[in-house]
Amino acid sequence: MKLSLTSLRSKIFLSMIGLVFLASIMILVVTIMQYKEEAEDYHKKRLLRKETAVKVHINSILENTSFEVKTDKLKYIFKSNGSTRGLSSISELSRIHKMPINIYDLKGNLIVSSLWHFKEKNDSIKHLPAYIIKKIDESPDKRYIIKHESPDGEYQSSFSYIYNRQFKPIAILNLPYLADSTFYKKELEEFLKNLGLIYLLMLLIAIVLSYFLSRYITKSLNTVNDILKKISFSKENQKIIIKNPNEEISQLIETYNSMVDKLEESAKKLAQTEREEAWRNMARQVAHEIKNPLTPMRLSIQSFQMTFDPDDPGIKSKFDEFAQMLIEQIDIMSRIASAFSDFARMPQANLEKGNLVPVIKNALKLYDPEQVRFVSSDDEILFNFDKNQIQRVIGNLVKNALQSVPDDREPDILVSVRQTADKIFISVTDNGSGIAPEHQSRIFEPKFTTKNSGMGLGLAIVKKIVENHNGKIYFNSDKEMGTTFIIEFDK
Ligand SMILES: Nc1ncnc2c1ncn2[C@@H]1O[C@H](COP(=O)(O)OP(=O)(O)O)[C@@H](O)[C@H]1O
Ligand SMILES: [Mg+2]
């Protein structure tokens, strides 16, 4: 199949695949976001839970301590490492709750830290920045969490107050927490792998589906297209019949079919008016042609009547002259009458299947074979035709051809007939003086002639006969080379 980017077919194809692709990307993005949010939420809750547990623990230590519960005593309460109070040491607390614990005073100076021994050099944890203290104080739940990414995961560090028995804040508790998302990441990876597989499958299905869908749609479109190409105003148009078309195509076909009907109707009307017009013209012409000789006839009869003298000795010769003149005029009238009746009486073609070659040969017998030559592509060219009418066509064309050759030239007329797989061509070529460009559009009109004695009906008759055989006639003409008339029949 050939695919251009603008064809409907490739558009369907590409949009379908694009859609699947887009959907998969959107699902991917949404899923990752969802996972991230869930993981964050989980860690937030976990941190809060831990914080609560640590605080409960710290509160119980504060309740049981023998020290006064004051900021500056905290370092003794949590640092004491003695055997009796061992459980209250900050490192013990950190061990139980499995996370580092820092306690700052309200100004942000570190009091005790479970990381003390190896973080001693680390100044950054010794003093809290002022903004953190401010944030804790400003937040409604007196709590603040900072997050930052580190190579081993996301750190969340929570800050909240430690209160004394009177619920007055005496210190700031800091729990640095590494949000370990490996579990979530694994699950996400698993899910994405499955999603990828499913979408790969869907992509394959989409490709196959869109291939057949686009083929189905464009197939009917192509059928319509083929028929539309054959539309012609000169012959009957075929209606479209497609089995099981889809809705849009069937609308298109309906429109086309009704157009064919209308076209046929108007073609019929046009033919009707053309016929009527032709007949009107013809009647006018006949009247005109017959009137022409009538006037001189009337005048001669009148003058003969006036000058008639039976005693005139030359009356005999005068009468003969007069009669001769009348006979001539009558002959002209009769010629006109028969030419017109020939044209008018053009019978319906009596089509019979036969060999065209001998019929044309026969029509040329009247002419000098030196002047009119005949060639044929085959000995037998079978065609459905009216023998008499085709002979008349050949006769008229050859007569015109001979007449077109000026007196100072030897006529050389070539009549040829040849056939192709589905057509038959008959051509008549002369070496005459050509058809003047200004006459070319009119030569097939009845009564058009450039000759003194011509009736101008020859080519009109030829054209009518050719059309009776569903054929076409046209010509090429050149002032120097002469003229070729070509007749084209469908087999
Ligand atoms: N072979 C030809 N070469 C030049 N002119 C031609 C040829 N055939 C026809 N014509 C032109 O077409 C006109 C019409 O021809 P036609 O209908 O046969 O009428 P007529 O022969 O009576 O004039 C001619 O008068 C002539 O001018
Ligand atoms: Mg003629």
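Keep in mind that what you see is a predicted model, and the values were worked out from it rather than measured.

## Digging into the site of ligand 1
No. 1: Lining the immediate environment of ligand 1, one finds 22 residues, of which Ser404, Thr449, Gly454, Gly458 and Leu459 sit closest.
No. 2: Partitioning the shell around ligand 1 into residue classes produces 8 nonpolar, 12 polar and 2 charged.

## Re unusual backbone geometry
No. 1: Of note, the phi angle at lysine 142 is positive, near 50°, even though the residue is not glycine.
No. 2: One can find lysine 142 in the loop between α5 (130-138) and β3 (143-150).
No. 3: Even without being glycine, phenylalanine 167 reaches a positive phi, approximately 60°.
No. 4: Tracing the backbone shows phenylalanine 167 in the loop between β4 (153-163) and β5 (169-179).

## Things to note about the pairing of strand β11 (residues 472-478)
No. 1: Pairing of β11 with strand β12 (residues 482-490), which is carried by 7 bridges, proceeds in the antiparallel orientation. Note on β12: the bridge partner recorded for tyrosine 474 is isoleucine 486.
No. 2: Count of turn residues in the β11/β12 antiparallel hairpin: 3 residues.

## What about the pairing of strand β10 (residues 423-429)?
No. 1: Here strand β9 (residues 413-419) pairs with β10 via 6 bridges, running antiparallel. Across the sheet, the residue bridging to valine 415 is valine 428, located in β10.
No. 2: Between β9 and β10, which follow one another and run antiparallel, lie 3 residues.
No. 3: Examined bridge by bridge, β10 and β12 share 7 bridges and lie antiparallel to one another. Bridging from a neighbouring strand, serine 427 pairs with isoleucine 486 of β12.

## Quick look at the packing of helix α7 (residues 247-307) against helix α8 (residues 315-344)
No. 1: Taken N-terminus to C-terminus, the directions of α7 and α8 make an angle of 170°; their axes are 10 Å apart at the nearest point. Compared by their axis directions, α7 and α8 come out roughly antiparallel. Of the residues in α8, those touching α7 at Met282, Val286, Glu289, Ile290, Pro293, Pro296, Met297, Ser300 and Phe304 are Phe322, Met325, Leu326, Gln329, Ile332, Met333, Ile336, Phe340 and Ala344.
No. 2: For the contact of α7 with α8, the class distribution of residues is 15 nonpolar, 2 polar and 1 charged.

Definitions and limits used
- Along each chain, the written sequence defines residue order, and numbers are assigned to residues from 1.
- Each chain gets a letter, beginning with A, and each ligand a number, beginning with 1, in the order they are written.
- Thresholds applied to this predicted model are a pLDDT of at least 70 for local features of residues and 80 or more for the giving and counting of side-chain atom pairs; totals over whole chains, interfaces and linings are not thresholded and use all residues.
- Nearness between a residue and a molecule or strand is assessed with a C-beta atom placed from the backbone; a distance within 6 Å qualifies.
- Classes in brief: Ala, Val, Leu, Ile, Met, Phe, Trp, Tyr, Cys and Pro nonpolar; Asp, Glu, Lys and Arg charged; the others, Gly included, polar.
- Put simply, DSSP marks the helices as runs of H or I at least four residues long and the strands as runs of E at least two long, and each gets a number from the N terminus on.
- Paired strands are those between which DSSP finds at least two bridges.
- Helix axes are fitted to C-alpha atoms over the stretch in contact, other axes to C-alpha atoms as well, and angles between N-to-C directions run from 0 to 180 degrees.
- When describing relative orientation, an angle under 35 degrees is termed roughly parallel and one over 145 degrees roughly antiparallel, while 65 to 115 degrees is termed roughly perpendicular and anything else oblique.
- Contact between two residues is assigned whenever their backbone-derived C-beta positions fall within 7 Å.

Spatial relationships are all this shows, so hold off on functional conclusions.
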